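Structural features, examined
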Amino acid sequence: PGSDLQVCIPKGSTCCSRKMEEKYQATARLNMEQLLQSASTELKFLIIQNAAVFQEAFEIVVRHARNFTNSMFRTHYQSMGPRALKFVGELFTDVSLYILGSDISVNDMINEFFDSLFPLVYSHLINPGFPDPSVEMTECLRAARRDLKVFGNYPKMMMTQVSKSLQATRVFLQALNLGIEVINTTDHLKFSKDCGRALLKMWYCSHCHGLVLAKPCASYCGVVMQGCLAGVVEIDNHWREYIGSLEGLTKGMHGIYDMEHVLLNLFSLVRDAMVYVQKNEGKLSTTISRLCGHAQQRQYRSASYPEDLFIDKKVLKMTHIEQEETLLSRRRELITKLKSHSSFYSSLPEYICKHSSAVQNDTLCWNGQEVMERYSPQITRNGAKAQPGNHEVKMKGSEPVVSQIIDKLKHINQV
């Protein structure tokens, strides 16, 4: 046996056959995949867990914000009935979908909310007792809402705050999901034929020489890993930038860039917009009668709503601040933990050699051909560009999947 061996070519006799060599090669590849996956376990769990926690937390904020807005309508605008709540529900459904990546426009959702609300406000607050407007009248009122700025500057303020805060939230979630995708990709990489042969030679060819207990020299293992992982290590700079970008994003998530702050105070902007309409109802009624052909002027008494009737802002502020603090500290904690994994990709060769029983001091160890008293390492650096001089693994350019992942990281780092 041994004459048909392709990699573990013996100097003398051997107990290995070609079939055994092929089995060893399959095992070596499997070893490599398992070592890669165990290297990323902690990091992967950190990102997956946080992506789930933040997504759920954002959904809870949206739910609270919807409930606050509904309470405001129920308490102070009962006459508008459940229809106002329907428009509130639609607005916050759109908000949730936007956070999850829907291509709906924030300006459109807020315009739609106020367009739908105004005919209701007109028939219940400006002209109480007036029958529900016809379809034609409703369309005229919807158009008048924008032309006359009936809610003042409040819709515009809402658009600015909601779009800035939701954009930050959405990019934050997308970035976490991209982190998971990057690790999943590198966890399941297919290694080149040359790398497969080098792994076989390092981990199992000693068995064919009858040296079952021989362990590879750490420096030799380092050279093999730098060759096998050259493409993966190219991700390193982009991964560091990714963590930096995520940190920058989280630091910027306050004020109008903080969705908790913006959404949980939205009810108060909507209320101010309603009060604005009521203050101007006399002038509005006249202009709309002229615009929408509604000639019948009605005598009405404007309903006044004393300030102290409104939801106690202090109570809301307390729950709001606690919530904000929790999410803020959670984001900070995530960034701190992620930073400890910033050199994840550049340290992969070292991690794998350490966890695959390589002999750290390079004495009495296997060098791919024999057991040596002392291995004198061939110095190579990490990364594809440094590998042409690697005698153990020939480089064949980056894996297409690695190039795609690098492109996605570049993109998110620029957002």
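Scroll up to find the structure this text is about.
Residues numbered from 1 in each chain as written. Predicted model: local features only at pLDDT ≥ 70, side-chain atom pairs only at ≥ 80, totals over all residues. Heavy atoms only, no water.

1. Concerning the pairing of strand β1 (residues 363–366)
Where β1 meets strand β2 (residues 371–374), three bridges bridge the pair, whose relative direction is antiparallel. Paired with Thr363 across the bridge in β2 is Arg374. If you look at the hairpin formed by β1 and β2, you'll find four residues sitting between the two strands, and Gly368 has a positive phi there, around 100 degrees. (Pairing = 2+ DSSP bridges. Helix = DSSP H or I, 4+ residues; strand = E, 2+ residues; numbered from the N terminus.)

2. Some remarks on the packing of aromatic side chains
The description of an aromatic ring pair rests on the distance of the ring centres and on the angle between the ring planes. The full count for this structure, using the stated rule, is 14 aromatic pairs. Relative to Tyr204, the ring of Tyr24 lies with its centre 4.9 Å away and its plane at 10 degrees, an arrangement referred to as stacked. Linking Tyr24 in helix α1 (residues 18–76) with Tyr204 in the loop between α6 (193–203) and α7 (205–208), this pair joins segments that are 180 residues apart in sequence. Here Tyr24 matches Tyr204 in class, with each residue buried. Above the plane of the ring of Tyr98 lies Arg170, whose end atom (NZ or CZ) is 4.2 Å from the centre. (Phe/Tyr/Trp six-rings, centres within 6.5 Å; stacked < 30°, edge-to-face > 60°. Buried < 20%, exposed > 50% of the residue type's maximum accessible area, 1.4 Å probe, protein only. Lys NZ or Arg CZ within 6 Å of the ring centre and 35° of its normal.)

3. Topic: the side chain of Asn367
By the element assignment, Asn367 lies in the loop between β1 and β2. Separated by 2.9 Å, the side chain of Asn367 and the backbone nitrogen of Gln369 make a polar contact. For Asn367, the contacting residues outside a window of four places in its chain are Cys217, Tyr220, Met372 and Tyr375. (Polar contact = N/O pair within 3.5 Å; in protein donor to acceptor, adjacent residues only side chain to side chain. Contact = heavy atoms within 4.5 Å.)

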